[in-house]
Amino acid sequence: NEIPHNEKLLSLKYESLDYDNSENQLFLEEERRINHTAFRTVEIKRWVICAMIGILTGLVACFIDIVVENLAGLKYRVVKDNIDKFTEKGGLSFSLLLWATLNASVVMVGSVIVAFIEPVAAGSGIPQIKCYLNGVKIPHVVRLKTLVIKVCGVILSVVGGLAVGKEGPMIHSGAVIAAGISQGRSTSLKRDFKIFEYFRRDTEKRDFVSAGAAAGVSAAFGAPVGGVLFSLEEGASFWNQFLTWRIFFASMISTFTLNSVLSVYHGNAWDLSSPGLINFGRFDNEKMGYTIQEIPIFIFMGVVGGILGALFNALNYWLTMFRIRYIHRPCLQVVEAMLVAAVTATVGFVMIYCSRDCQPIQGSTVAYPLQVGDAGECWGLNSETRPCWVLWHWTSQPSGSDASNSVFFPLQLFCADGEYNSMATTFFNTPEKSVVNLFHDAPGSYNPMTLGMFTLMYFFLACWTYGLTVSAGVFIPSLLIGAAWGRLFGISLSYLTKGSIWADPGKYALMGAAAQLGGIVRMTLSLTVIMMEATGNVTYGFPIMLVLMTAKIVGDYFVEGLYDMHIQLQSVPFLHWEAPVTSHSLTAREVMSAPVTCLRRIERVGTVVDILSNTSSNHNGFPVVESNPGTTQVAGLRGLILRSQLIVLLKHKVFVERANLSLVQRRLKLKDFRDAYPRFPPIQSIHVSQDERECMIDLSEFMNPSPYTVPQEASLPRVFKLFRALGLRHLVVVNNRNEVVGMVTRKDLARYRLGKEGLEELSLAQT
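Residues numbered from 1 in each chain as written. Predicted model: local features only at pLDDT ≥ 70, side-chain atom pairs only at ≥ 80, totals over all residues. Heavy atoms only, no water.

S.K.: Please clarify how the overall build of the protein should be interpreted in this entry.
M.R.: Tallying secondary structure elements over the protein gives 26 helices and 20 strands in all. Burial status across the protein gives 58% buried among its 767 residues. Here the contacts in the protein between residues at least 6 apart in sequence split such that 78% fall between residues at least 24 apart. (Helix = DSSP H or I, 4+ residues; strand = E, 2+ residues; numbered from the N terminus. Buried < 20%, exposed > 50% of the residue type's maximum accessible area, 1.4 Å probe, protein only. Contact = heavy atoms within 4.5 Å.)

S.K.: Which parts of the structure should I look at to understand the sheet that holds strand β17 (residues 740–744)?
M.R.: What links the strands of a sheet is backbone hydrogen bonding, and the strands pair in either a parallel or an antiparallel sense. The sheet built from 3 strands is open, its strands ordered β15-β16-β17 with mixed pairing. A single partner strand is all that each edge strand has here, and the edge strands are β15 (709–711) and β17. Sheet twist, expressed as the average angle between the axes of neighbouring strands with direction ignored, equals 30 degrees. With 4 bridges joining them, strand β16 (residues 731–734) and β17 adopt antiparallel strand pairing. Looking at the pairing, Val-733 lines up with Gly-742 of β17. In the packing of helix α25 (residues 716–726) onto the sheet, the strands contacted are β15, β16 and β17, and the crossing angle to β16 comes to about 150 degrees. (Pairing = 2+ DSSP bridges. Axes fitted to C-alpha atoms, helices over the stretch in contact; angles between N-to-C directions.)

S.K.: Explain the pattern of salt bridges to me, please; I cannot follow it from the model alone.
M.R.: Opposite charge on two side chains lets them pair, provided their charged atoms get close. Inspection of the entire model under this criterion finds 24 salt bridges. Between Asp-556 and Lys-552 there is a salt bridge whose closest N-O contact spans 3.1 Å. Placement of both Asp-556 and Lys-552 in helix α18 (residues 541–558) is noted, with a separation of 4 residues, approximately one turn of the helix. For Asp-748, the salt bridge goes to Arg-751, with nearest N and O atoms at 3.7 Å. Per residue, the accessibility class of Asp-748 equals that of Arg-751, and both read buried. Three or more residues are tied together by salt bridges with common partners; here these are Glu-43, Arg-46, Arg-201, Glu-204 and Arg-246. (Salt bridge = Lys/Arg side-chain N within 4 Å of Asp/Glu carboxyl O.)

S.K.: Please explain the pairing of strand β18 (residues 752–755) as it appears in this structure.
M.R.: The side chains of a regular strand alternate between the sheet's two faces. Taken together, the 4 bridges between β18 and strand β19 (residues 758–761) define a ladder with antiparallel strand orientation. For Arg-753, the partnering residue across the bridge sits in β19 and is Glu-760. Where β18 folds back on β19, the antiparallel hairpin that results is connected by 2 residues.

S.K.: What's the story with the pairing of strand β13 (residues 637–642) in this structure? I'm lost.
M.R.: With respect to burial, β13 is a largely interior element, 5 of its 6 residues being buried. Across 5 bridges, the pairing between strand β12 (residues 621–625) and β13 is antiparallel. Among the inter-strand pairings, Val-625 is bridged to a residue of β13, identified as Leu-637.

S.K.: Looking at this structure, I do not really get the packing of helix α3 (residues 93–117) against helix α11 (residues 330–354). What am I missing?
M.R.: Geometry of a packed helix pair, given as the angle between the helix axes and the separation of the axes. Look at α3 against α11: their axes get within 8 Å of each other, and the N-to-C directions meet at 150 degrees. By the criterion of interaxial angle, the relationship of α3 to α11 is roughly antiparallel. Of the two elements, α3 crosses α11, and the hand of that crossing is right-handed. Considered class by class, the residues forming the contact of α3 with α11 number 19 nonpolar, 6 polar and no charged. (Parallel < 35°, antiparallel > 145°, perpendicular 65-115°, else oblique. Left-handed = near helix turned anticlockwise from the far one by under 90°. Nonpolar A, V, L, I, M, F, W, Y, C, P; charged D, E, K, R; others polar.)

S.K.: I tried to follow the environment of Val-78 on my own but got confused; where do I start?
M.R.: Positionally, Val-78 belongs in helix α2 (residues 36–89). We classify Val-78 as partly exposed; its relative accessible area is 38%. Between the alpha carbons of Val-78 and Ser-95 there is a distance of 9.9 Å; along the sequence they are 17 residues apart. Setting aside its immediate chain neighbours within four residues, Val-78 contacts Leu-98 and Leu-102.

S.K.: Whenever I open this one, the sheet that holds β13 confuses me. Can you help?
M.R.: Ordered by their spatial adjacency, 3 strands build an open sheet running β10-β12-β13, and the pairing between neighbours is mixed. The open sheet is flanked by β10 (599–600) and β13, the only strands paired with a single partner. One ladder, built from 2 bridges, connects β10 with β12; its direction is parallel. Looking across to β12, one finds that Leu-599 is bridged to Val-624. Here helix α22 (residues 643–651) sits on the sheet and contacts β10, β12 and β13; the angle it forms with β13, its principal contact strand, is near 75 degrees.

S.K.: How do you make sense of the confidence of the model for the protein when you look at a structure like this?
M.R.: Segments scoring low in pLDDT should not have their predicted coordinates read at a detailed level. Here the protein averages 81 in pLDDT, while 86% of its residues score no lower than 70. Of all helices and strands in the protein, the one with the weakest mean pLDDT is strand β7 (residues 392–393) (35), whereas β15 scores best (93). When the criterion is pLDDT under 50, residues 363–407 qualifies, and its contacts beyond four places in sequence or with other chains add up to 98 contacts. (pLDDT = per-residue confidence, 0-100.)

S.K.: How should empty space enclosed by the protein be read in this particular structure?
M.R.: Any empty space left between the atoms is revealed when a probe the size of a water molecule rolls over them. Scanning the model with the defined rule gives 8 cavities of 30 Å³ or more in all. In this structure, the largest cavity spans a volume of roughly 180 Å³. Looking at the largest cavity, it is lined by 21 residues, and the ones nearest its centre are Tyr-76, Gly-161, Thr-344, Phe-427 and Asn-429. Of all elements in the fold, only α2, α3, α5 (144–159), α11, α12 (422–427) and α13 (431–440) reach the threshold of two or more residues within the lining of the largest cavity. A per-class count over the lining of the largest cavity returns 12 nonpolar, 8 polar and 1 charged. (1 Å grid on protein atoms, 1.4 Å probe; cavity = no way out; pocket = protein on both sides within 12 Å on 5 of 7 lines; lining within 4 Å. Points joined across faces, edges and corners; volume = space filled by probe spheres on them.)

S.K.: Teacher, can you tell me more about unusual backbone geometry here?
M.R.: Peptide bonds are mostly trans, and most non-glycine residues show a negative phi. The residue Phe-196 is not glycine, and still its phi comes out positive at about 55 degrees. Residue position: Phe-196 is located in the loop between β5 (191–192) and α7 (202–221). Take Phe-196: its relative accessible area is 9%, and that puts it in the buried class. Residues other than glycine seldom take positive phi values, yet Arg-522 does so here, at roughly 60 degrees. Relative to the assigned elements, Arg-522 resides in the loop between α16 (505–521) and α17 (525–535). When its relative accessible area of 5% is taken as the criterion, Arg-522 is described as buried.

S.K.: How should I be thinking about the packing of aromatic side chains in this particular structure?
M.R.: Working definition: an aromatic ring pair is given by the centre-to-centre distance plus the angle between the planes. Here the structure, examined in full by the defined rule, presents 17 aromatic pairs. Judged by centre distance (5.3 Å) and plane angle (85 degrees), the rings of Tyr-317 and Trp-318 are edge-to-face. Relative accessible area serves as the criterion here: at 14%, Tyr-317 is assigned to the buried category. A residue is classified by how much of its surface remains accessible, and Trp-318, at 59% relative accessible area, is exposed. Cluster of aromatic residues (ring-pair linked, three or more members): Phe-196, Tyr-198, Phe-199 and Phe-208. One cation-aromatic arrangement involves Arg-201 over Tyr-198; the distance from NZ or CZ to the ring centre is 4.8 Å. For Arg-206, the ring lying beneath its charged end belongs to Tyr-19, and the centroid distance is 4.2 Å. (Phe/Tyr/Trp six-rings, centres within 6.5 Å; stacked < 30°, edge-to-face > 60°. Lys NZ or Arg CZ within 6 Å of the ring centre and 35° of its normal.)

Encoded structure:
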């Protein structure tokens, strides 16, 4: 059964976050009580929280890395042993069956936990965090449960051999960790540690979440500066100087933690040489310089990357539309994930089986392998007649290889002794290792045919995989596709130039990787720095920047970046940096929602309960007007009160018997509101008796007496700028007598978008 889905919709299920503090009397009294030393304490707490975010994000990254390494090693060993068994009898189809079944079953577990327990943990989580930092409340996005499912899911999908990376989800994990620590309690576990209570509001939480996202990037790539820039470029919509420094601190701590723990795990405790989950290895400056005549070549690679990236995004767009319409039931989503896993294994197996690309082992940077069994023999079999798969172990560390002591599996399939199948170095491996191999293997390690076939296959596999119901990132697959066609490009260049020294395939693999990733996700600044930090080479800063800029310009001409596209497909009311260019003709009067439900300053409890219980108007902010008894006209604006504040007032029964008595049993403090944050109880759970309905409720000290307002003649760009820069949730529209005529919320502004024909208005939908 089809769910009709249209990309020209805005969903009403997303609430806004309130990045504007409600400056009511309680807030002002508390702020006046805080002296200079108390402010210093708050500042110190912020630094402590940032350090904790860094440490925990680093530890989560270590956990993912170590578990993936061991499980993937185990899986490849099992498949290899099985192949040994069937080589004697013949019948390699059993080995294919085993590989496909292993992949599918591992991915099934990973997909089931995401589809049935926490669907928000699907994908890389970067679009969701982007929305959160933009001010959209995506349900469950920073919960503890999401973190657990995310970590387990990403381990299972990488071990299950899908075309995914474990780097993207690290950003989401960092953000969840940050949101949890900064609140000093866990709402999922119902534990309150009574610390950091001052930070229990959206403004503070947002700043820590952007620090968490940065810590995630820096743990994934060992790129602290890249993390800060990522948070600035992709994430945070609101920024200041102190925040930059704290975020950098969190990123540094997270890289350092990952580094220390992995060094201890690999047994060289004092050597801090693995800064990130992926380490591209060092590039040699002597071999790898570049000359002025290569600049046009790099720009051309950027164009290719932009076109391929746009193709990737367009295919993924249609695929995602199909998924939203037809594959919306969890069981179907799990079946699709298993299908993709099985197909990935089959494609890999068939490509390895059919490849005749044999390379001598000595000439490659595949370390110096030990042949298991006697030298010259492969497990006692004659390897010329039958395929023979050999397990190699890294013994010594060549300069370019990954510093970890990992098991690596070149396969000697139909190849003579002392040779291995080079297609297997790309497929029979985790994607991270394959990227490093493509960057660092000596010239001549790969046949152009191998690289061409691999690029073609992997492009479609990665495109099909992104958007499945598993936790997975798109960073590494993009880098891998790019590294493969970049290396192919380098090889063809050296054919054309008769083997000139500057056409080193590794260098072009790096540029191709940057071009492909830039063409898919359209990041410029942060990606340049991430690539420079991950390769430990500043020489390439300029070419990488050129490649990424070209890829972004070319890609944007065709279609949006992958993350923006997915945000749009989810119908999220996302506010970009600027209002649409041609929107000056619209005024606040045309944009606003009217009529507005207003409350009087002293209001009957029954009226408040009825307004909050009314399901048709699920408003979250109510303007408070002066109450003139006996008159019916709209009175002047006095303030703004939020639904969450009203619910806390009703819950604590802050009523007065009649209008002229101002007795309150117990004065509410700001702490009562903070304790209810962020999951305020629904109005249905609050019982108000018939007698209490007749009482009055005085909103004077709880409402925000100075809400932001705009006159109804203000143009849309002006309203947009105010709303976006201050991170508002409600903007009251008044006429010249200061009477409320309407209210502008996020959906009213996000509705207007520049389409192909100029300004277009999206329709609102409940889904």
